[in-house]
Amino acid sequence: MSKVTSLILFSWIALVAGAFYFHSNQPSVLGGSMQSLASVSVLWAYAFYLLLGCVRGFTLMPLTILVGFGMLFLKPVPLFILSMLGTLVSSAAIYHFASVFKLYERFERNHQKHVDSLERGMKKYELPIIVGWSFFPLLPTDVVCYVSGIMRLSLTKLLIGMLIGEGVCCALYIFGGIELAQFFALGK
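Conventions and cut-offs
Residues numbered from 1 in each chain as written. Predicted model: local features only at pLDDT ≥ 70, side-chain atom pairs only at ≥ 80, totals over all residues. Heavy atoms only, no water. Helix = DSSP H or I, 4+ residues; strand = E, 2+ residues; numbered from the N terminus. Axes fitted to C-alpha atoms, helices over the stretch in contact; angles between N-to-C directions. Left-handed = near helix turned anticlockwise from the far one by under 90°. Contact = heavy atoms within 4.5 Å. Nonpolar A, V, L, I, M, F, W, Y, C, P; charged D, E, K, R; others polar. Salt bridge = Lys/Arg side-chain N within 4 Å of Asp/Glu carboxyl O. Buried < 20%, exposed > 50% of the residue type's maximum accessible area, 1.4 Å probe, protein only.

## Observations regarding unusual backbone geometry
With a phi angle near 55°, arginine 152 is a residue other than glycine that sits in the positive phi range. Here arginine 152 shows up in the loop between helix H9 (141–151) and helix H10 (155–183).

## Considering the packing of helix H3 (residues 42–59) against helix H5 (residues 76–97)
Where H3 meets H5, the closest approach of the two axes is 7 Å, and the angle between their N-to-C directions is 35°. As H3 runs across H5, the sense of the crossing is right-handed. Contacts between H3 and H5 involve Tyr46, Tyr49, Leu50, Gly53, Cys54, Arg56, Gly57 and Phe58 on the former and, on the latter, Pro78, Leu79, Leu82, Ser83, Leu85, Gly86, Thr87, Val89, Ser90, Ala93, Ile94 and Phe97. A class-by-class count of the residues in the contact of H3 with H5 yields 13 nonpolar, six polar and one charged.

## Looking at the pattern of salt bridges
Applying the stated criterion to the full structure yields one salt bridge. In this structure, aspartate 142 engages arginine 56 in a salt bridge whose closest nitrogen and oxygen atoms are separated by 3.2 Å. You can see aspartate 142 sitting in helix H9 and its partner arginine 56 sitting in helix H3, a full 86 residues away along the chain. Here aspartate 142 matches arginine 56 in class, with each residue buried.

Written as structure tokens, this is what we have:
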């Protein structure tokens, strides 16, 4: 594992652990404004979370971070539905705007062998690769949306793959995370 990957993984774990710590021991430190927003109107909190989910892909921020944040304030079922809606919107947007970003051309120049292998695999096993890629938490899911957009693969298959992969992953985080929090008496 490279140093960058290790740093990202460590940062991700520290962020999630810190969020759970602050949620259980210092709730006013984390998300006082989100709690205020949620107490004023649940619909505003849902709309804010959905907006974050729709633009999240352009920041390359993992969905895990947003879901972890949402778990602190939103009920599980709406959180899951809003996370999936945000994922679909974000994935479709990245797919459609892929040609605007010039990352692929630069990567193609520097790593032609890997790009050729990825393109052959994506053309032959599009849906299974998208599902697997979007399920695996250490791979940047938005990259598969970008590659699909550059290659003009099927948007329908991309969105179905994202629903399956990210859906299972989010369900594990949201519903499994709640069970785990309740097990450790951190739940509400």
